[in-house]
Amino acid sequence: MKTNPIAKRFEQSFDAEIRSRFFKGLDFAGPAGDPGWFGPGSAVWYVHSHLPTLILGLVSAAYIEGLDPSISWMGYDHSRLAERVDGVPTGNFDPEGGAVRLAHSISFFIGTAYGSTASAEKLARTVRAMHHTVKGTRPDGLAYDADDPEWLRWNYATVVWGLATAHERYHRRPLHDIDRYYREFVRVGEALGGTDLPTTKAETAECLESYLPRLALTPIKAAQTGPNLRDSKAKAWEPGSEFMDWAARDMLPKWAQRLALYQPPNPVKLRLRRTSLWFALNALHEATGPLKEYHQAQKRAAGKKANPFISTAPTAPDPILTREEIEATA
């Protein structure tokens with residue numbers, strides 16, 4: 001148990017709000033000698049051990065992901081992000097739903113990084129099963145399908161870009177070779193069914209920009225960004241807040257900033273904001289340190305590194321389950 005007051009309070013809050021609810025069934029302490037998918041010394045272990053930048057990266061990834069109209073409608077029709085009354089979306093953002101989605105994402109990216117091999121595989125199966133249920137039709141008549149290889153590639157690129165970019169900009173000691181993270185993280189994308197995935201920073205940037213002709217700022221996205229969040233009740237560090245919206249848009253590639261109508265503040269104010277965020281994220285990490293799951297994984301792996309030649313791609317079709325069945329086993 002951490003002894004300083006900030007770390008103790010953070011640990012208690014994380015345990016009550018996330019670990020006890022969203023880490024169920026995940027094993028970080030055993031079996032002995034199992035390095036998991038990545039293992040000690042990996043770039044993924046290093047990047048994901050800094051939880052504040054990991055969370056910011058996930059928020060940024062979700063932002064750029066939603067510039068795909070199909071994903072906007074997937075979220076509106078199927079996720080907890082949309083406020084619902086009697087099951088019908090109202091068009092408003094649901095802060096509680098956003099917090100649940102973020103918690104699930106934290107569980108997934110901590111579990112696949114530090115969990116046992118079996119735990120990482122379990123998480124991947126659960127996400128693939130959920131993707132199998134996300135199918136529908138946009139209001140303009142275009143069908144969407146979360147199993148579409150093109151969608152999987154876009155989704156993967158947004159996630160690895162978000163996590164790596166937040167790490168590069170806001171980590172106190174970022175990796176000198178960020179491409180090592182991009183190469184390793186492909187294992188996560190392949191486990192979710194992705195193919196032909198980018199493996200470097202340059203390839204990922206090229207992949208993202210190549211989708212520009214099919215991207216747009218939908219009414220759903222526009223209502224959840226920029227000046228429309230000025231009356232948001234979310235706390236500054238929560239998804240859906242005006243500040244987190246600024247932080248996400250400020251990290252976007254230039255072409256995406258233009259699409260999202262992002263107008264950066266003057267250079268002095270911009271530097272002040274980025275510096276303040278840098279200090280806040282690193283001060284929190286210095287006070288709390290890595291999660292206890294990181295230390296459990298270190299002890300479990302005992303210095304063993306993962307086999308880089310083992311593929312995580314699915315080897316057999318997944319059973320078709322309902323959303324209720326998936327959530328019951330998650």
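Just above, that's the structure.
Caption draft 1: Representation of the overall build of the protein in the model. Scanning the protein from terminus to terminus reveals 15 helices and four strands. Since a compact globule built from 330 residues should have a radius of gyration of about 20 Å, the 19 Å found for the protein is in line with a globular shape. A buried classification covers 49% of the 330 residues belonging to the protein. Put simply, of all contacts in the protein between residues at least 6 apart along the chain, 74% involve residues at least 24 apart. Accessible surface computed for the protein: about 16300 Å², of which carbon and sulfur atoms make up 56%. Positive and negative side-chain charges of the protein, numbering 40 and 38 respectively, have mean locations separated by a distance of 7 Å.

Caption draft 2: Representation of the nonpolar core. Ranked by size, the top nonpolar core spans 46 residues in total, and within it Ile110, Tyr181 and Phe185 carry the most contacts. Secondary structure elements with two or more residues in this core: α1 (5-22), α2 (43-48), α3 (51-65), α5 (95-114), α6 (117-133), α7 (149-170), α8 (178-191) and α14 (292-301). In terms of residue count, α5 provides more of this core than any other element does, nine residues in total. Sequence-distant contacts of Ile110, that is, excluding residues within four places in its chain, are made with Phe23, Phe28, His48, Leu51, Leu54, Gly115, Leu291 and Glu293.

Caption draft 3: View of the layout of surface pockets. Put simply, the second largest pocket is a space of about 1100 Å³. As for the second largest pocket, its lining consists of 32 residues, of which Phe10, Glu17, Ile55, Trp237 and Glu238 are closest to the centre. Every element with two or more residues in the lining of the second largest pocket is listed here: α1, α3, α5, α11 (242-251) and α13 (267-288). Ranked by residue count, the leading element in the lining of the second largest pocket is α1, at nine residues. Residues belonging to the lining of the second largest pocket are distributed by class as follows: 25 nonpolar, one polar and six charged.

Caption draft 4: Spotlight on the environment of Thr204. Secondary-structure assignment places Thr204 in helix α9 (residues 201-210). Those residues in contact with Thr204 that sit more than four places away from it in its chain are Ala157, Val160, Trp161, Tyr182 and Pro198.

Caption draft 5: Molecular detail of unusual backbone geometry. The amide bond that connects Gly30 to the next residue, Pro31, takes the cis arrangement and shows omega of -5°. Note that Pro31 resides in the loop between α1 and α2. If you check the backbone angles, Leu261 has positive phi at about 55° while not being a glycine. Along the chain, Leu261 turns up in the loop between α12 (254-259) and α13. A relative accessible area of 62% places Leu261 in the exposed class. The backbone of Ala302 shows a phi angle near 50°, a positive value even though the residue is not glycine. Following the sequence through the fold, Ala302 ends up in the loop between α14 and α15 (323-329).

Caption draft 6: Summary view of α7. Compared with an ideal rise of 1.5 Å per residue, which puts 22 residues at 32 Å, α7 spans 32 Å between its outermost C-alpha atoms and is within 8% of the ideal. For α7, the N-terminal cap is Asp148; the gap from its side-chain oxygen to the backbone nitrogen of Glu150 is 2.8 Å.

Caption draft 7: Quick look at the environment of Pro40. Within the secondary structure, Pro40 sits in the loop between α1 and α2. We classify Pro40 as buried; its relative accessible area is 16%. In this structure the C-alpha to C-alpha distance between Pro40 and Met130, which are 90 residues apart in sequence, comes to 30 Å. If sequence neighbours within four positions are ignored, Pro40 has contacts with Trp45, Ala301, Gly303, Lys304 and Lys305.

Conventions adopted
Residues numbered from 1 in each chain as written. Predicted model: local features only at pLDDT ≥ 70, side-chain atom pairs only at ≥ 80, totals over all residues. Heavy atoms only, no water. Helix = DSSP H or I, 4+ residues; strand = E, 2+ residues; numbered from the N terminus. Rg over C-alpha atoms; globule rule 2.2 N^0.38 Å. Buried < 20%, exposed > 50% of the residue type's maximum accessible area, 1.4 Å probe, protein only. Contact = heavy atoms within 4.5 Å. Areas by Shrake-Rupley, 256 points an atom, 1.4 Å probe, with all protein chains shown as cover. Lys, Arg positive; Asp, Glu negative; His and termini not counted. Charge placed at Lys NZ, Arg CZ, Asp CG, Glu CD. Core = buried A, V, L, I, M, F, W, Y, C linked by side-chain atoms within 4.5 Å. 1 Å grid on protein atoms, 1.4 Å probe; cavity = no way out; pocket = protein on both sides within 12 Å on 5 of 7 lines; lining within 4 Å. Points joined across faces, edges and corners; volume = space filled by probe spheres on them. Nonpolar A, V, L, I, M, F, W, Y, C, P; charged D, E, K, R; others polar. Expected span 1.5 Å × (residues − 1). Polar contact = N/O pair within 3.5 Å; in protein donor to acceptor, adjacent residues only side chain to side chain.

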